[in-house]
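Coordinates in review
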Amino acid sequence: DAAMYQAKRAGKNCWRVYRPELDESAHMLTQLGWNEKIQAALDEDRLVLHFQGIHAVDTRSICHYEALVRMVDPEGNLLLPGNFIPAAERTGRIVDIDRWVIRAAIRKLAEQPALPPIAINVSARSFDDPDLSRTIRSTLEEFAVTPARLMIELTETAALANIRDSESFIRDLRQLGCTVCLDDFGVGFSSFAYLKHLSANVLKIDGMFVRNLANSHEDQVFVRAIVEVARGLGKKTVAEFVGDAATLALVAELGVDYAQGYFLSFPIAEIS
């Protein structure tokens, strides 16, 4: 049974011989326990949002925020998403978390009318729900929030995995008036060809190209190419994981529009 799951994690359509040192049964049982923990957190309202600023490269002013979900455990400790999001994606509970984040972010916008736009992440699993765009629309209407104040981030890999549904979802969001951002852009790099189908407004350049930007000529070439293509298509760009002044100077030189990272601001619980 353990060998079967090892084969599945390797991409299916393959085989594995059982090796005790690779047996993750105990880890899998731990992950299964997260299903109940996530449900309890939802029932007891123990999910919270933190917000990290997205800054204009030229002025460093905050143009919008990205909402980042956290969980508070029963003892009051704050858990980062790496602790529970992978399990939520495997069990399907990520769909419930997505719905919670959508509602919480829109409520925050309603409570603070002067707040800049907020970006929220939507998982690949939520694409299976044909009512997702209607859910977003009805929640915006319920709280009387202008759609332009909500940005939806989709990872490039998730969007390309089901490009037909992604194209329809993005079109619905843009017709509604929301801004759409392709997150982790450039992971496959052959994805330039898909941009004519995925009509996102913003491309967030994957951190793998930004973390070592100041010391990597290759990364600089990739970022410059992404910026030039985005600009030619009328799209804005965001560089994530900007960790120092040298990297910020480089993304400015390369023509990136917005920057996100610890050099500029850390995620915080309260914004105004």
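About the thresholds
Residues numbered from 1 in each chain as written. Predicted model: local features only at pLDDT ≥ 70, side-chain atom pairs only at ≥ 80, totals over all residues. Heavy atoms only, no water. Helix = DSSP H or I, 4+ residues; strand = E, 2+ residues; numbered from the N terminus. Rg over C-alpha atoms; globule rule 2.2 N^0.38 Å. Buried < 20%, exposed > 50% of the residue type's maximum accessible area, 1.4 Å probe, protein only. Areas by Shrake-Rupley, 256 points an atom, 1.4 Å probe, with all protein chains shown as cover. Phe/Tyr/Trp six-rings, centres within 6.5 Å; stacked < 30°, edge-to-face > 60°. Lys NZ or Arg CZ within 6 Å of the ring centre and 35° of its normal. Pairing = 2+ DSSP bridges. Expected span 1.5 Å × (residues − 1). Contact = heavy atoms within 4.5 Å. Right-handed = clockwise from strand over helix to strand, strands pointing away. Salt bridge = Lys/Arg side-chain N within 4 Å of Asp/Glu carboxyl O. Disulfide = S-S within 2.5 Å. Core = buried A, V, L, I, M, F, W, Y, C linked by side-chain atoms within 4.5 Å.

1. Examining the overall build of the protein
When helices and strands are counted, the protein shows nine helices and nine strands. On C-alpha atoms alone, the protein measures out to a radius of gyration of 20 Å, which is about the 19 Å that the 2.2 N^0.38 rule sets for 272 residues. In terms of overall dimensions, the protein has C-alpha extents of about 55 × 45 × 35 Å along its principal axes. Looking at the protein as a whole, 46% of its 272 residues are labelled buried. Put simply, the protein shows about 13,700 Å² of open surface, and 52% of that area lies on carbon and sulfur atoms.

2. A word on the packing of aromatic side chains
Enumeration over the complete set of coordinates arrives at three aromatic pairs. A ring pair is formed by Y262 and F266, whose centres lie 4.6 Å apart and whose planes are at 20 degrees; its orientation type is stacked. The residue whose ring lies beneath R211 is F241, and the NZ or CZ to ring-centre distance is 4.1 Å.

3. Remarks on the pairing of strand β1 (residues 47-56)
Along β1, nine of the ten residues are buried, which leaves the element largely enclosed by surrounding structure. The pairing of β1 with strand β2 (residues 62-72) spans nine bridges and is classified as antiparallel. Looking at the pairing, Q52 lines up with E66 of β2. Between β1 and β2, which pair antiparallel in sequence order, lie five residues; one of them, R60, sits at a positive phi of approximately 65 degrees. Note: β1 against strand β9 (residues 258-259), two bridges, orientation antiparallel. Residue A56 lies in a different strand from β9, and its bridge partner there is Y258.

4. Regarding helix α7 (residues 163-176)
For α7, with 14 residues, the first-to-last C-alpha span of 20 Å sits near the 20 Å given by 1.5 Å per residue. Looking at the packing, one finds that the buried side of α7 touches α5 (132-143), β5 (150-155), α6 (156-161) and β6 (179-185). One or two residues past the end of α7 sits G177, with phi positive at roughly 115 degrees.

5. Remarks on the pairing of strand β8 (residues 236-239)
Where strand β7 (residues 202-205) meets β8, four bridges bridge the pair, whose relative direction is parallel. Paired with L203 across the strands is T237, a residue of β8. The handedness of the β7 to β8 crossover, carried by helix α8 (residues 217-232), is right-handed.

6. Regarding the pattern of salt bridges
One pass over the full model with this rule turns up seven salt bridges. With a closest N to O distance of 2.8 Å, R46 and E44 form a salt bridge. What makes R46 buried here is its relative accessible area of 12%. Judged by relative accessible area, E44 falls into the partly exposed class, the value being 48%. Across the salt bridge formed by R103 and E142, the nearest N and O atoms sit 2.5 Å from each other. Residue R103 is located in helix α4 (residues 94-111), and its partner E142 is located in helix α5; the two are separated by 39 residues in the primary sequence. By relative accessible area, R103 is classed as partly exposed at 32%.

7. Some words on the state of the cysteines
Scanning the model with the defined rule gives zero disulfides in all. Between C181, a cysteine without a disulfide, and C63, which holds the nearest cysteine sulfur, the sulfur-to-sulfur distance is 13 Å. Its relative accessible area of 1% is what places C181 among the buried residues.

8. Structural notes on the nonpolar core
By size, the foremost hydrophobic cluster in this structure holds 68 residues, and its most contacted members are I97, I120, I136, L150 and I152. Tallying contributions element by element places α4 first for this core, with eight residues. Discounting chain neighbours no more than four positions away, the residues touching I152 are I120, V122, I136, F169, L173, T179, V180 and C181. A119, M151, V202 and Y258 belong to the second largest nonpolar core, which has seven residues in total.

9. Topic: unusual backbone geometry
One non-glycine residue with positive phi stands out, namely A144, at about 55 degrees. Along the chain, A144 turns up in the loop between α5 and β5. At D184, a position not held by glycine, the phi torsion is positive, near 55 degrees. Mapped onto the fold, D184 is located in strand β6. A residue is classified by how much of its surface remains accessible, and D184, at 24% relative accessible area, is partly exposed.

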